[in-house]
Amino acid sequence: MVSLDGLEEKIGYRFQDKSLLRQALTHSSYSNEQKIRKWKHYERVEFLGDAVLELVSSDYFYHAYPEESEGNLTKMRAAAVCEQALAITGRELDLGSYMAFGKGEEQQGGRERESIIADAVEALIGALYLDGGLSEAKKFIDRFVLNDLDNKRLFYDAKSVLQEMLQEEKAGELTYRQVREDGPEHDKVFVMEALLNGEPIGVGEGKSKKTAQQQAAYDALLKRRGGREE
């Protein structure tokens, strides 16, 4: 198993209980393959991290935007902590390279799967909370999650932004198509394409078709933005 020292350096925190960090980065597929010793996997600590993330992000938006309504604050928080936003954080930290997977999940590309990387971010937050308290979890969230919020908000609104852009350009009809679905029934991952006049312009994946469509629209926006810059 890979050393986690490099990850601790990246996040600026040394765990007192290293087993918590290892648990946060252990997928259930690895745990299930252990015959002699059952390794704890990240699902329970992810549950805790999700709650900590909601509290810290809610506090942040409440104080940072005192004039915003409850509805707008909810949308802003959702954009900051949605699956894609957390996957961005996970990729920046290269979490996938530190994770332990079973052979089957490894072969199916679990190390690169955005839904798993997003889950690992929440698990890492939970582990930080257990090891260092709320203050250390908050430091991590402030530094790595509540950053680049404009880009994360663009993802959250990607479908509507792309639709409006194409309508203004009179470019044609925007539709979405399911390419495939992977994984067991209880943990499906959907892959969707965004189509312009029937031609693919973006692709995305997610635990729901809606999330996968958002990812596909976001992918299309980034490609169009890059094309314009070129």
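Residues numbered from 1 in each chain as written. Predicted model: local features only at pLDDT ≥ 70, side-chain atom pairs only at ≥ 80, totals over all residues. Heavy atoms only, no water.

1. With respect to the overall build of the protein
- Scanning the protein for helices and strands turns up 12 helices and 3 strands.
- Oriented by its inertia axes, the alpha-carbon framework of the protein measures out at about 60 × 45 × 35 Å.
- Contacts in the protein between residues at least 24 apart in sequence constitute 56% of all its contacts with a sequence separation of at least 6.
- Here the protein displays about 12200 Å² of accessible surface, and carbon together with sulfur accounts for 48% of that area. (Helix = DSSP H or I, 4+ residues; strand = E, 2+ residues; numbered from the N terminus. Contact = heavy atoms within 4.5 Å. Areas by Shrake-Rupley, 256 points an atom, 1.4 Å probe, with all protein chains shown as cover.)

2. Brief notes about the pairing of strand β1 (residues 174-182)
- Of the strand pairs in this sheet, β1 and strand β2 (residues 189-196) are connected by 8 bridges, and their pairing is antiparallel. Within β2, the position partnered with R177 by the bridge is E193.
- Connecting β1 to the next strand, β2, in antiparallel fashion are 6 residues, including G183 with a positive phi near 90°. (Pairing = 2+ DSSP bridges.)

3. Description of a nonpolar patch on the surface
- Side chains of L55, Y129, L130 and L134 sit close together on the surface and give an oily, nonpolar patch of about 350 Å² of accessible area.
- If you trace the backbone, L130 turns up in helix α8 (residues 114-132). (Patch = residues over 30% accessible without salt bridge, like charges linked within 9 Å, V, L, I, M, F, W, Y side chains within 5 Å. Salt bridge = Lys/Arg side-chain N within 4 Å of Asp/Glu carboxyl O.)

4. Describing the environment of L25
- Examined against the element boundaries, L25 turns out to sit in the loop between α2 (18-24) and α3 (28-33).
- For L25, a relative accessible area of 0% translates into the label buried.
- When the C-alpha atoms of L25 and A100 are compared, they prove to be 6.4 Å apart, with 75 residues separating the residues in sequence.
- Here L25 is in contact with L4, L7, L95, Y98, M99 and A100, once residues within four sequence places are set aside. (Buried < 20%, exposed > 50% of the residue type's maximum accessible area, 1.4 Å probe, protein only.)

5. A closer look at the side chain of E114
- Along the chain, E114 turns up in helix α8.
- On the accessibility criterion, E114 (13% relative accessible area) is buried.

6. Considering the pattern of salt bridges
- Overall, the coordinates contain 14 salt bridges when judged by the stated rule.
- For the salt bridge of R14 with D5, the shortest nitrogen-to-oxygen distance reads 3.9 Å.
- Judged by relative accessible area, D5 falls into the partly exposed class, the value being 41%.
- Among the ionic pairs, D182 bridges to R180, the shortest N-O distance being 3.1 Å.
- For D182, a relative accessible area of 21% puts it in the partly exposed group.
- Within the structure, one salt-bridge network assembled from shared partners comprises D5, E8, E9, R14 and K18.

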